[in-house]
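Descriptive structure summary
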Amino acid sequence: NQVPMLEIDAISIVQCDAILRYLARKHNMLGADARESAKVDMIHAATIDIRASVLGIPFNPPQNRTGMVQGCFDSVLPKYLKPIEALLQQSNTGFVAGGEGATMADVTLCEALCMVTEAPNVPENSLQQLYPAAHAHMQMMMARPGLAAYSSSGRRRVFAGDDVLQKYAAEVRASLS
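Residues numbered from 1 in each chain as written. Predicted model: local features only at pLDDT ≥ 70, side-chain atom pairs only at ≥ 80, totals over all residues. Heavy atoms only, no water.

Here we come to the overall build of the chain. In terms of helices and strands, the chain carries eight helices and two strands. Of the regular secondary structure in the chain, the N- to C-terminal order runs β-β-α-α-α-α-α-α-α-α. For a compact globule of 177 residues, the expected C-alpha radius of gyration is about 16 Å, and the chain comes in at 17 Å, within 12% of that figure. Summarising its shape, the C-alpha atoms of the chain cover approximately 45 × 45 × 25 Å along the three principal directions. Per-residue burial for the chain yields a buried fraction of 36% across its 177 residues. Counting only contacts in the chain whose residues sit at least 6 apart along the sequence, the fraction spanning at least 24 positions is 63%. Averaging the coordinates of the 15 positive side-chain charges in the chain and doing the same for the 17 negative ones gives two points 2 Å apart. (Helix = DSSP H or I, 4+ residues; strand = E, 2+ residues; numbered from the N terminus. Rg over C-alpha atoms; globule rule 2.2 N^0.38 Å. Buried < 20%, exposed > 50% of the residue type's maximum accessible area, 1.4 Å probe, protein only. Contact = heavy atoms within 4.5 Å. Lys, Arg positive; Asp, Glu negative; His and termini not counted. Charge placed at Lys NZ, Arg CZ, Asp CG, Glu CD.)

Spelled out as structure tokens, the structure:
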């Protein structure tokens, strides 16, 4: 009785990371060799921290959000996106691990960057100005047919308007108390 759960290939898989890794393994998206696989793991771990830096923003009052965004841009993003930016600039294929195809790291990086750019109080074009290769990577990934279809389907969740955010945050707080 856990959510999320993926039922596939006659098994039930719970936990986001287990689901992600199962699908990446099934579709050969963990890297072509041990070196590329290590890069995939490191980048994926960094994307978890990037996501965590913006995930809490909607649960805070609007007057606190600008400071949270500033903290993300001052400390979290430079720590993780500067090395990722360098990897992307060195990549001949546009994929972050440098291989011939998209990996789990490309997908989770794209998701993390979308979360950053769509978070409340994030200045428009700030990611593009500070990390142009990462921004271009996000655009390249979002243009892939599967991600483009998902993005335009209405199933993709983005940060909502402030009234919706506050209502959602109140519901989550109530359910946890």
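Moving on, there is more to tell.
Two faces belong to every sheet, and in a regular strand the side chains alternate between them. Sheet topology note: the strand β1 (residues 5-8)/strand β2 (residues 11-14) ladder contains four bridges and is antiparallel. In the sheet register, Met-5 faces β2, and the bridge partner there is Val-14. As consecutive antiparallel partners, β1 and β2 are separated by two residues, and within that stretch Asp-9 has a phi angle of approximately 50°, a positive value. (Pairing = 2+ DSSP bridges.)

Phi is positive for Gln-15, close to 85°, though the residue is something other than glycine. Residue Asn-28 is not a glycine yet carries a positive backbone phi of 55°. Relative to the elements of secondary structure, Asn-28 occurs in the loop between α1 (16-26) and α2 (34-55).

Compared with an ideal rise of 1.5 Å per residue, which puts 22 residues at 32 Å, α2 spans 31 Å between its outermost C-alpha atoms and is within 8% of the ideal. Where α2 is buried, its residues touch α1, α3 (62-90) and α4 (104-118). Regarding α2, its N-cap is Asp-33, as a side-chain oxygen of that residue lies 3.2 Å from the backbone nitrogen of Arg-35 further along. (Expected span 1.5 Å × (residues − 1). Polar contact = N/O pair within 3.5 Å; in protein donor to acceptor, adjacent residues only side chain to side chain.)

Counting residues in each nonpolar core, the largest one holds 39 residues, and the members touching the most others are Ile-50, Leu-77, Leu-81 and Ile-84. Of all elements in the fold, only α2, α3, α4 and α6 (132-142) reach the threshold of two or more residues within this core. Not counting the four nearest positions on each side in its chain, Leu-81 is found in contact with Ile-50, Leu-109, Leu-113, Leu-127 and Tyr-131. (Core = buried A, V, L, I, M, F, W, Y, C linked by side-chain atoms within 4.5 Å.)

Turning our attention to the pattern of salt bridges. If you walk through the whole model with that rule in mind, you get four salt bridges. The closest approach of N and O atoms between Arg-51 and Glu-111, which form a salt bridge, is 3.7 Å. Of this pair, Arg-51 sits in helix α2 while Glu-111 sits in helix α4; the two residues are 60 residues apart in sequence, bridging distant segments of the chain. Using a relative accessible area of 27% as the deciding quantity, one classes Arg-51 as partly exposed. Residue classification places Glu-111 among the partly exposed positions, given a relative accessible area of 37%. Three or more residues are tied together by salt bridges with common partners; here these are Asp-17, Arg-21 and Asp-41. (Salt bridge = Lys/Arg side-chain N within 4 Å of Asp/Glu carboxyl O.)

For Glu-118, the location among the structural elements is in helix α4. Glu-118 gets classed as partly exposed once you look at its relative accessible area, which sits at 28%.

This brings us to the packing of α3 against α4. Remark: α3 packs on α4, axes separated minimally by 13 Å, with the N-to-C direction vectors making an angle of 140°. Comparing the axis directions of α3 and α4 gives the class oblique. The handedness of the crossing between α3 and α4 comes out as left-handed. Only Leu-109, Leu-113 and Val-116 of α4 make contact with α3, whose side of the interface consists of Phe-73, Leu-77, Leu-81, Ile-84 and Leu-88. Each residue belonging to the contact of α3 with α4 can be placed in one class, and the counts come to eight nonpolar, no polar and no charged. (Axes fitted to C-alpha atoms, helices over the stretch in contact; angles between N-to-C directions. Parallel < 35°, antiparallel > 145°, perpendicular 65-115°, else oblique. Left-handed = near helix turned anticlockwise from the far one by under 90°. Nonpolar A, V, L, I, M, F, W, Y, C, P; charged D, E, K, R; others polar.)

Such coordinate-based values are descriptive only and should not be taken to indicate function.
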